[in-house]
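A structural walkthrough
This is what each chain is made of:
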Amino acid sequence: METVQRTLEKVFPNGDVYQGDFKGLLPHGKGIYTWSDGTIYDGDWVEGKMTGKGRIIWPTGTSYDGEFSGNYLHGFGTFTGSDGSVYRGAWRMNAQHGIGRKQYHNSDVYDGCWKEGIREGSGRYVWSNGNYYIGNWKKGKMDGRGVMKWFNGDLFDGFWLNGLRHGSGCYRFADGSYYFGTWTKGLKDGLGTFYPAGSKHSSQRKFNSQKNWDKKNRLAHSSSVNTERSVKPSVKRSLSEKISSSFGRGSGQISQRTTASIEDSVLDDTSVDLSSYDSSSMLFHSSDDDEPQLLGNGTVAYEREYMQGVLIKERIRHISKLPQRNKERCKFHAKEIKTRSCMDVFKGNKSYYLMLNLQLGIRYTVGKITPVPAREVRSSDFGDRARIRMYFPRKGSQFTPPHRSIDFYWKDYCPMVFRNLRELFKLNAAEYMMSICGDDGLRELSSPGKSGSIFYHSRDDRFVIKTLKQSELKVFLKMLPSYYEHVKLHENTLITKFFGLHRIELKHGKKVRFVVMGNMFCTELRIHRRYDLKGSTHGRFTEEDKVSEGTTLKDLDLKYEFYMDKLLRESLFQQISLDCEFLESQQIIDYSLLLGLHFRAPEHLKALLEPPDSFHKHENPPAPDGMNTTGELSIPPSGLLLVTHEPSSVSTEPGPHIRGKALRAMSVGDKEVDVLLPGTGRLRVQLGVNMPAQANHKILQEGTDSAEAELFEVYDVVLYMGIIDILQLYNVKKKLEHKYKSMKFDPMSISVIEPKLYSKRFIKFMEKVFPASL
């Protein structure tokens, strides 16, 4: 056993000097090491490595005082930069990691979580000019839910993404007015409501009912406060290199990681506040005589719609305050007519229990089936015995982990079939589990469907989970063999992509069935309009007062015709026909085309962003490029440029599992194409995904009373679409019961037609929605 030897001083051939305790040839105990370049460490050593407490000072004046481990800054300590910045907090392997506080050289202060030297997690940043942000961070930028307050009194409470406001939020102006709405990459985008100062409804509580508008994006702001800079101590060599060269043969036990890689990030001074950017939306001026004021017990609000920061619609809404007696009556009535859904089987925290059970079951199923060697699907994989059934007791078992939910039985239908389907859709098993079963959990949509089904989204929005009726489950299992063959044969099918079919059963017999589907609206672009199109007029409209950002509209609400490249349209209708033939063969009716629209603001309207008071004038802009006074369109759209497809230039995110092959376009010589979006990027054009078109708005007839101010009639749009609701089995008895009833029923209602007639009507309606190019 080697003993610790005490020495006063030892000078090494390279000029380094060590004074302290030794163990053999290595520093061990207390000691001071001075490198030839002037760097000094005074502290604890363990077998040649800085381990324990100590202080290191670099020639530049940079210093660290705290805990070390294996020559790394590791533990708790204070780092003072040469520029005067000070960080005090947790470290891991030379990087700030954990909880810490940093005061920057410009007097900005961040207090919160760090990860690998970057702000990540919850934290508070206070700028020297008085602005501050409290909320979530990711990769050094504001990301997630957070509150930003500016020194002039303006405040934003909402969601952020990559340092920009992005998603739902509330902007409160210093004068007391509010704007509740959505943002995309820092720009107002979508529907919103503006309440002038003094409004009785301008309450922060309004945000709680509107924050579900766009949970799909993890949301944003538009500040110039995100630029990062790196600060590196000026050290010529790493400490480990110096010790290695000084102690020769003993250096084999010393880490080769360098402390010279210590990086720090700071924010630029935010002298530019966001209030000037957002004030462009303020139409209320108390000094204007012609401005509407509060009326009686109500208030005036402005319902607005923005497109990439440009106000395209606005209407004045007078809100009356209901007497307390009427409020109670409405509340009681709503409780009486509440529809019972499958979720009622869970008492107390029913949503939490159901979501937790879903995650536990899917994690178990995918983990069990993934190691099985890949093979072709057999007929037995569709049979009644093709099931995985497992009991999940709360305390855990030999096969299942303990959990915080209630005891339940789990059944997974046709696991090998869905495993192969996920591979056909190029979906990695690990990505699938992380998306649905990750720590972020699932999001329940705000309201159930017409049938009482409950919908969930994965946190990254790649997947939709829908509860099923027993009849729908039977239809699905019956059609699954044919569906599998159809998907194999047609990779561009528009029919919903399915990834799993499962059932949860409680100990007392209550059952919940659900299916996991791909979300066709998982895109980096905001979906401004959603339509569910069946080609029927029977009850196919939405009451105007029920329309919000996430509302799915119906056939009679569609006021557009869409013109696209000839070859894109041909590909679309070829696949629609093939998909309808398949649904006919399965005797399926009542399916829909789910259509999503992303509108692009014309470039010539961008100037409207500048003057703060310009929006209240309601002046009609000139006609967009590509449209003459008669409404004729030029194809392809002038604002969306089609270019030859370059795989290396486009991103396949958020995932190829809801995508097919790239499409060809006539405008580029029958080649595969990408679409260029000004200010956004380059997207791959695929069937039902990123399809560019021009939307021709159907002009309201004369005499129609409308409070909306249309600024233009032709839009550049990007289309997303797919065929949904394919689990409605055709019922002959139902058809015969309705066929000869009173003509108060729509003759073309889905209840009085054959599946073949339904598909013909469906295609005919789509031909009107997507007419041939002019």
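A short tour of the structure in this document, coming up.

1. Some details on the overall build of the protein chain
Regarding its fold elements, the protein chain presents 11 helices and 39 strands. Within the span of the protein chain, comprising 774 residues, buried residues form 52% of the whole. Looking at the protein chain alone, contacts between residues at least 24 apart form 56% of all its contacts between residues at least 6 apart. Accessible area for the protein chain stands at about 36500 Å²; split by element, carbon and sulfur atoms hold 51% of it.

2. Remarks on the packing of aromatic side chains
Aromatic rings considered in pairs are described by the distance between their centres and by the relative angle of their planes. On inspection of all chains with the given rule, the structure shows 54 aromatic pairs. Both rings, one in Tyr87 and one in Trp114, keep their centres 5.3 Å apart while their planes meet at 80°; by these two values the pair is edge-to-face. Placement of the pair is Tyr87 in strand E8 (residues 86-92) and Trp114 in strand E10 (residues 109-115), with a sequence separation of 27 residues. In this pair, the class of Tyr87 matches that of Trp114, namely buried. Judged by centre distance (6.1 Å) and plane angle (80°), the rings of Tyr560 and Tyr715 are edge-to-face. Here Tyr560, found in strand E32 (residues 560-563), pairs with Tyr715, found in strand E39 (residues 714-724); they are 155 residues apart in sequence, far enough to count as distant. Accessibility assignment for this pair places Tyr560 and Tyr715 in one class, buried. The ring centre of Tyr110 lies 5.8 Å from the NZ or CZ of Arg119, which sits over that ring. Over the face of the ring belonging to Tyr179 we find Lys188, whose NZ or CZ atom lies 5.5 Å from the ring centre.

3. Section: the side chain of His28
With respect to the helices and strands, His28 occurs in strand E3 (residues 26-34). One polar contact links the side chain of His28 to the main-chain amide nitrogen of Glu47, over a distance of 3.0 Å.

4. Things to note about the sheet that holds E32
The strand order across the open sheet formed by six strands is E31-E30-E33-E39-E38-E32, and the pairing between neighbours is mixed. Of all the strands in the sheet, the pair left with one neighbour each is strand E31 (552-553) and E32.

5. Considering the environment of Glu314
Relative to the elements of secondary structure, Glu314 occurs in strand E22 (residues 310-319). Taking the C-alpha atoms as reference points, Glu314 and Tyr302, 12 residues apart in sequence, are found 6.5 Å from one another.

6. Digging into the pairing of E3
With six bridges joining them, strand E2 (residues 17-23) and E3 adopt antiparallel strand pairing. For Lys23, the partnering residue across the bridge sits in E3 and is Leu26. Relative to strand E4 (residues 40-46), E3 runs antiparallel, the two being bridged by six bridges. Looking at E4, one finds that Ile32 is bridged to Asp42. The turn joining E3 and E4, which pair antiparallel and follow one another in sequence, is formed by five residues; a positive phi near 105° is taken by Gly38.

7. Remarks on helix H7 (residues 429-437)
Inspection of H7 places Tyr432, Ser435, Ile436 and Cys437 among the buried residues, and these make up the whole buried set. Around the axis of H7, the buried residues are gathered within 165° of arc, so they sit on the same side. You can read the cap of H7 off the contacts: a side-chain oxygen lies 2.8 Å from the backbone nitrogen of Ala430, and it is on Asn428.

8. What to know about the sheet that holds strand E27 (residues 463-468)
Here we have seven strands laid out as an open sheet, ordered E23-E24-E28-E29-E27-E26-E25, and antiparallel in their pairing. Two strands close off the open sheet at either side, each with one partner strand: strand E23 (387-392) and strand E25 (442-444). The average undirected angle you get between the axes of adjacent strands in this sheet is 25°. When E27 meets strand E29 (residues 511-518), the two strands line up antiparallel, connected through six bridges. Opposite Lys466, over in E29, you have Val515 as the bridge partner. The strands touched by helix H6 (residues 415-424) are E23, strand E24 (408-413) and strand E28 (498-506); relative to E28, the strand with the most contacts, the crossing angle is about 145°. Most of the contacts of H7 go to E27, to which it runs at about 70°, and overall it touches E25, strand E26 (455-458), E27, E28 and E29.

9. Quick word on helix H8 (residues 470-489)
When the terminal C-alpha atoms of H8 are compared, their 29 Å separation across 20 residues agrees well with the 28 Å that a helix rising 1.5 Å per residue should span. The largest bend along H8 reaches roughly 55° and is located at Leu480, with the proline Pro481 sitting one to four residues downstream. When H8 is considered as a whole, its buried residues turn out to be Glu472, Leu473, Val475, Phe476, Met479, Leu480, Tyr483, Tyr484, His486 and Val487. On the buried face of H8, the contacting elements are E24, H6, E27, E28, E29 and helix H9 (566-585).

10. A few points about the nonpolar core
Core analysis: the largest hydrophobic core is formed by 115 residues, its most contacted members being Tyr483, Phe562, Leu719 and Phe770. Discounting chain neighbours no more than four positions away, the residues touching Tyr483 are Leu421, Phe425, Ile495, Thr496, Lys497, Phe498 and Phe582. Listed in part, the 37 residues of the second largest apolar core include Trp35, Tyr41, Ile56 and Phe68.

11. Observations concerning the packing of H6 against H8
At a minimum axis separation of 11 Å, H6 and H8 run at an interaxial angle of 30°. On the basis of their axis angle, the class for H6 and H8 is roughly parallel. As H6 runs across H8, the sense of the crossing is left-handed. Between H6 and H8, the contacting residues are Val417, Phe418, Asn420, Leu421 and Leu424 on the first element and Phe476, Leu480, Tyr483, Tyr484, Val487 and Lys488 on the second. Of the residues belonging to the contact of H6 with H8, the class tally is nine nonpolar, one polar and one charged.

12. Quick notes on the pattern of salt bridges
One pass over the structure, following the stated rule, counts 23 salt bridges. The partner of Arg304 in a salt bridge is Glu314, and the shortest N-O contact between them spans 3.0 Å. Here the residue Arg304 occupies a position in strand E21 (residues 299-307), and Glu314 occupies one in strand E22, the gap between them amounting to 10 residues. On the basis of relative accessible area, Arg304 is assigned to the buried category, the value being 2%. Given a relative accessible area of 8%, Glu314 falls into the buried group. A salt bridge links Arg503 to Glu505; the nearest nitrogen and oxygen atoms lie 3.1 Å apart. Of the two residues, Arg503 and Glu505, both sit in the buried class. Each of Arg389, Arg503 and Glu505 takes part in salt bridges that share partners, so that together they form one network.

13. Comments concerning a nonpolar patch on the surface
Together, Ile32, Ile40 and Ile57 make up a nonpolar patch on the protein surface, roughly 200 Å² of accessible area in all. Relative to the assigned elements, Ile32 resides in strand E3.

14. Considering the pairing of strand E5 (residues 49-57)
Pairing analysis gives six bridges linking E4 to E5, with the strands arranged antiparallel. The residue of E5 that forms the bridge with Trp45 is Met50. Following E4, the chain reverses through two residues before pairing antiparallel with E5; Glu47 in that reversal takes a positive phi of roughly 50°. Across six bridges, E5 lies against strand E6 (residues 63-69) in antiparallel orientation. Its bridge partner being in E6, Gly54 is matched across the sheet by Gly66. Turn length for the E5-E6 hairpin, with the two strands adjacent in sequence and antiparallel, is five residues, and the turn residue Gly61 shows positive phi of about 100°.

15. Digging into unusual backbone geometry
Glycine aside, a negative phi is what most residues show, and trans is what most peptide bonds show. The residue Lys185 is not glycine, and still its phi comes out positive at about 50°. The residue Lys185 is located in the loop between strand E16 (178-184) and strand E17 (187-188) in this model. Despite not being glycine, Lys426 has its phi angle at roughly 60°, a positive value. Of note, Lys426 is situated in the loop between H6 and H7.

Rules of the game
- Residues numbered from 1 in each chain as written.
- Predicted model: local features only at pLDDT ≥ 70, side-chain atom pairs only at ≥ 80, totals over all residues.
- Heavy atoms only, no water.
- Helix = DSSP H or I, 4+ residues; strand = E, 2+ residues; numbered from the N terminus.
- Buried < 20%, exposed > 50% of the residue type's maximum accessible area, 1.4 Å probe, protein only.
- Contact = heavy atoms within 4.5 Å.
- Areas by Shrake-Rupley, 256 points an atom, 1.4 Å probe, with all protein chains shown as cover.
- Phe/Tyr/Trp six-rings, centres within 6.5 Å; stacked < 30°, edge-to-face > 60°.
- Lys NZ or Arg CZ within 6 Å of the ring centre and 35° of its normal.
- Polar contact = N/O pair within 3.5 Å; in protein donor to acceptor, adjacent residues only side chain to side chain.
- Pairing = 2+ DSSP bridges.
- Arc of directions from axis to C-beta.
- Axes fitted to C-alpha atoms, helices over the stretch in contact; angles between N-to-C directions.
- Expected span 1.5 Å × (residues − 1).
- Bend = angle between axes of the 7 residues up to and from the residue.
- Core = buried A, V, L, I, M, F, W, Y, C linked by side-chain atoms within 4.5 Å.
- Parallel < 35°, antiparallel > 145°, perpendicular 65-115°, else oblique.
- Left-handed = near helix turned anticlockwise from the far one by under 90°.
- Nonpolar A, V, L, I, M, F, W, Y, C, P; charged D, E, K, R; others polar.
- Salt bridge = Lys/Arg side-chain N within 4 Å of Asp/Glu carboxyl O.
- Patch = residues over 30% accessible without salt bridge, like charges linked within 9 Å, V, L, I, M, F, W, Y side chains within 5 Å.

The values reported here are purely geometric and, on their own, carry no functional implication.
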